[in-house]
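Coordinate inspection notes
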Amino acid sequence: MKIETYIDSLLAYAMNCGLTEPEDHIVATNRILDLLRLDDYTPSDELLIDDLEEILKGILDYAVAKGLCDDGITAKDIFDTRIMGALTPMPREVIATFRALYEQSPEMATDWYYQFSCDTDYIRRYRIKKDMRWKYASDYGDIDITINLSKPEKDPKAIAAAKNAPQTAYPKCQLCIENEGYAGRMNHPARSNHRIVPIEVCSEDWRLQYSPYVYYNEHCIVFNAKHTPMKIDKSAFEKLLSFVGAFPHYFVGSNADLPIVGGSILSHEHFQGGHYEFAMERAEVVEELTFTGFEDVHAGIVNWPMSVIRLRGADPARIADLADKILNLWRGYSDESVGVIAFDGEPHNTITPIARRRGSDYELDLVLRCNITSEEHPLGVFHPHADKHNIKKENIGLIEVMGLAVLPSRLKGELHDLAEAIVAGKDIAADEVLSKHAAWVEKLQKQYTFTAENALDIILQETGKVFSAVLEDAGVYKNTAEGREAFRRFAAAVNA
């Protein structure tokens, strides 16, 4: 197929999505020709292509053949992002459209902005479709299990190029506003087609964008316009509640501000939100709490594997005040009977907060976290324990706290291969890749009769069961009589 066919198909796609208008056609065409180093052009007489992935693949194949970019995932991602960036409207146009729609309704504005972020290929829908997703019916409700495949792993060429590339502090991190329109490099993602929306949070200058990897519906990132570190304090609670006041159809939460129990980017203040109902939101309060002086705020312990205090009321300022009181006590609170140590030369206690609306009320979930380590659990006492590392070894961040497992991409192949190996009667322990699962499989074989028809289903459901147990590992107060009593002692201490 001629390169002109791919070019014309891309231009038609941009027009159909509203990225360009008829008046833009000649300029848009010339921008693409420039990127492809084409001095001559005649519109194609071949049938145009509708599928964006196929269009971009055709253009990338041409670019690689002509030596315009290397044949590696990272290099091709940078190149096709430049292609889409040439067709992406300028920030002023995006902001104007968003604000005009927001005047009609916040949901209309975010609906448009999310679709726009998909149409520009900033969110690569064809990669998101490859993710594995299923539900597991846990004792706490249906939790989401995902194996995310939309974030490509770096190829060897990219790793070598990044190692040899000169060091730069621009942009300072992957959340900074300078990423908007950034061409990218081998050790920093391309964002030529990325557009950010300015918003106000507690009268401060913040920004709204979507995650390019979309772990759930309309997975957004809300971040400070300034490069400032993550911090959980009263102002964080106020900012979360301010955001859901402006976007009542979205939830928003923050990762904790300490290693092990925090997120992957602690250097830049940010939250994550979206238009999705997690299992933790559906979980009910199992024990009411009353905090002296805050009788107007409904409070209680949530039926969840992690330790959650839920606050609900009409006045967000009152909720933030009570949350601050709970946080301040928790920062210095120790209970050695359940392994909680607040300080041993460095602080260990913090909170993962999540805000949402319940009708006209505001709701704030406070998840108590502790990143203490021990000789038995060197990666964290309240962290996935070693017997579950075959499935989940990484930190339990905000998204997983709420009941959505983000499992490593290696598991897609491993779980399928494991099911086949079990049915074939192979020695799992002797397999270089699958041996990490040997002890787990040995237990499962005592519980189930595996067949070719049911093996994978069993493995997937048991994977969900492991993740549910991982959340129990991460909970500071276990759902036992001893754990509940210890939780009550902490609540009583807030009132002391």
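Before going into details, it helps to say that this report is about the structure given with it.

The rules we used
- Residues numbered from 1 in each chain as written.
- Predicted model: local features only at pLDDT ≥ 70, side-chain atom pairs only at ≥ 80, totals over all residues.
- Heavy atoms only, no water.
- Pairing = 2+ DSSP bridges.
- Helix = DSSP H or I, 4+ residues; strand = E, 2+ residues; numbered from the N terminus.
- Axes fitted to C-alpha atoms, helices over the stretch in contact; angles between N-to-C directions.
- Contact = heavy atoms within 4.5 Å.

With antiparallel pairing, 10 strands are arranged side by side in an open sheet as β3-β4-β5-β7-β6-β11-β12-β10-β9-β8. Sheet topology places β3 (197-201) and β8 (285-289) at the edges, where each strand pairs with a single neighbour. Put simply, the sheet's adjacent strands are angled 25° from each other on average, direction ignored. Relative to strand β4 (residues 204-210), β3 runs antiparallel, the two being bridged by five bridges. Each bridged residue has a counterpart across the sheet, and for Val201 the counterpart in β4 is Glu204. Packing against the sheet, helix α9 (residues 234-246) makes contact with β3, β4, β5 (220-224), β6 (251-253), β7 (270-274), β11 (349-358) and β12 (361-370), and its axis sits at approximately 20° to β11.

For the rest of this paragraph, the subject is the sheet that holds strand β13 (residues 404-407). Spatially, the three strands line up as an open sheet ordered β1-β2-β13, and their pairing is mixed. Edge strands, defined here as strands with exactly one partner in the open sheet, are β1 (132-138) and β13. Neighbouring strand axes in the sheet, compared pairwise and without regard to direction, differ in orientation by 25° on average. With four bridges connecting them, strand β2 (residues 141-147) and β13 associate as parallel partners. Of the residues in β13, the one forming a bridge with Thr146 is Val406.

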